[in-house]
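# Inside the fold
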Amino acid sequence: MDPATDRRRSTTVAAVRGPPGAWRLAAAVAVAVTVATGCSLPGFGAPEPQSEQGETVFSLWQGFFVAAMVVGLIVYGLLIFVIVRYRRSRVGDGVPDQTAYHIPLEVVYTAIPIVIVLVLFGVSWWAQDEVTALDADPAARVEVIGFRWSWQFHYPDEDVTITGEPGRGPEMVIPVGRPVQLRLISDDVNHSFWVPDFLTKRDLIPGIENVIDVTPTETGDYVGRCAEFCGLDHWRMNYSVRVVDEDEYRSWLDDRRAEQERAGEPELKGEIDEDG
C-alpha cells in the first residue's frame, strides 16, 4: 500500500512537556503569598477580637481564608493557562499530545491536598486546645445561668448575683486582661452564650456542665445574645458584658453586695448535679 494513501491513524504516547508558563505561574503565586504575609491581613468578615481566645479563633479564620485563596489562585491560574495556551486558534484542529500516565505528577497532585488537609487539621487542633484551656487560678468565676427568657450571672466567690428579665438583660462585669471562668448552666432548655466581639460561643445544655475561660483584652461594653433557638421569646434573651479595670471591678462588686444586703438574697435560677 502506498504510504501516501495510508490514512490510518497511529496512536502514540508523546513525552510530557512542562508547560512554558508553569514557572511564571508559580512565581506569581509565590509573590502574591509573600505580599499577603508581609501585610496586615483583613478580617475577611470577622469582627476584631476583644479577647485572647478570640484572637486565636481570628488567626485560624485568617489562615483558612488565605489557604483557600492560594489554592483558588493556583486552580484558576492553571485553568486560564490551559484555556489560553491550547485554544483552537493556536493549535488548530489537530489532536493534542496524549499522555497516558505520569507517575511523578500524579504523586505530587495527590500528596499536596493531603498535606494541606493535615496542616489545616493540625492548626485547628492547636487552636481548639488554646481556646478550651482553663486557667487554674482565674481572676473571677461566674455561673452563667440561662432560663426562658433571660439570664442570671452569679459570682460564687463574691456572693453577688445579677438577674435579668425578659427583654431587659442583665449586665456582667469582668476585669480586663485577666482570665474569667464561666460555668454555663441551663435551667430549662438549650441556650447558647455568645458575645460576638469575643468570638466566643458555647452551649448551655440541661444536665451538662460546660466551662470556658474568657480573657478580655479591651475595656468597653459588649452585646451578648443567646445563639440557640430556645422558644418563641428567644429574641428577648439579650445581655451585656462590661469590661473594666481591676479597681472599677472591685468597686462594682462592693456596690452590688451592699445592694443585695438591703434587698435580700436573690434566688438562684439553676443548679447542676455536681456528680454528673
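Described below are features of the structure shown in this document. All values reported here derive from a predicted model rather than from experimental measurement.

As a further point, take the packing of aromatic side chains. Given two aromatic rings, one states the distance between the centres and the angle between the planes to describe the pair. Enumeration according to the criterion identifies 9 aromatic pairs in this entry. Arranged with centres 6.4 Å apart and planes meeting at 80°, the rings of W151 and F193 form a pair that is edge-to-face. Separated by 42 residues along the polypeptide, W151 in strand β2 (residues 150–155) and F193 in strand β6 (residues 191–195) bring together distant segments of the chain. Here W151 falls in the buried class, since its relative accessible area comes to 0%. On the accessibility criterion, F193 (1% relative accessible area) is buried. With centroids separated by 5.2 Å and ring planes inclined at 20°, the aromatic side chains of F193 and Y239 adopt a geometry described as stacked.

Inspection of every chain in the model, using the stated rule, returns 0 disulfides. Of all cysteine sulfurs in the structure, the one in C230 sits closest to C226, which takes part in no disulfide; the separation is 4.1 Å. The buried category is assigned to C226, whose relative accessible area is 7%.

Counting residues in each nonpolar core, the largest one holds 32 residues, and the members touching the most others are V144, W151, F153, Y155, M172, L182 and F193. Discounting chain neighbours no more than four positions away, the residues touching V144 are W151, Q152, F153, M172, L182, R183, L184, I185, F193 and L204.

Attention now goes to a negative patch on the surface. Side chains of E48, E52, E55 and E218 sit close together on the surface and give a patch of like negative charge. Note on placement: E218 falls in the loop between β8 (210–214) and β9 (220–226).

A separate point is the sheet that holds β9. The strand order β4-β10-β9-β6-β7 describes an open sheet built from 5 strands, whose pairing is mixed. A strand with exactly one partner marks an edge of an open sheet, and here the two such strands are β4 (171–175) and β7 (200–204). If you compare each strand with its neighbour and ignore which way they point, the axes differ by 25° on average. Strand direction decides the pairing type here: β9 and strand β10 (residues 238–244), joined by 6 bridges, are antiparallel. Across the sheet, residue R225 finds its bridge partner in β10, namely N238.

Reading the values: the criteria
- Residues numbered from 1 in each chain as written.
- Predicted model: local features only at pLDDT ≥ 70, side-chain atom pairs only at ≥ 80, totals over all residues.
- Heavy atoms only, no water.
- Phe/Tyr/Trp six-rings, centres within 6.5 Å; stacked < 30°, edge-to-face > 60°.
- Helix = DSSP H or I, 4+ residues; strand = E, 2+ residues; numbered from the N terminus.
- Buried < 20%, exposed > 50% of the residue type's maximum accessible area, 1.4 Å probe, protein only.
- Disulfide = S-S within 2.5 Å.
- Core = buried A, V, L, I, M, F, W, Y, C linked by side-chain atoms within 4.5 Å.
- Contact = heavy atoms within 4.5 Å.
- Patch = residues over 30% accessible without salt bridge, like charges linked within 9 Å, V, L, I, M, F, W, Y side chains within 5 Å.
- Areas by Shrake-Rupley, 256 points an atom, 1.4 Å probe, with all protein chains shown as cover.
- Salt bridge = Lys/Arg side-chain N within 4 Å of Asp/Glu carboxyl O.
- Lys, Arg positive; Asp, Glu negative; His and termini not counted.
- Charge placed at Lys NZ, Arg CZ, Asp CG, Glu CD.
- Pairing = 2+ DSSP bridges.
- Axes fitted to C-alpha atoms, helices over the stretch in contact; angles between N-to-C directions.

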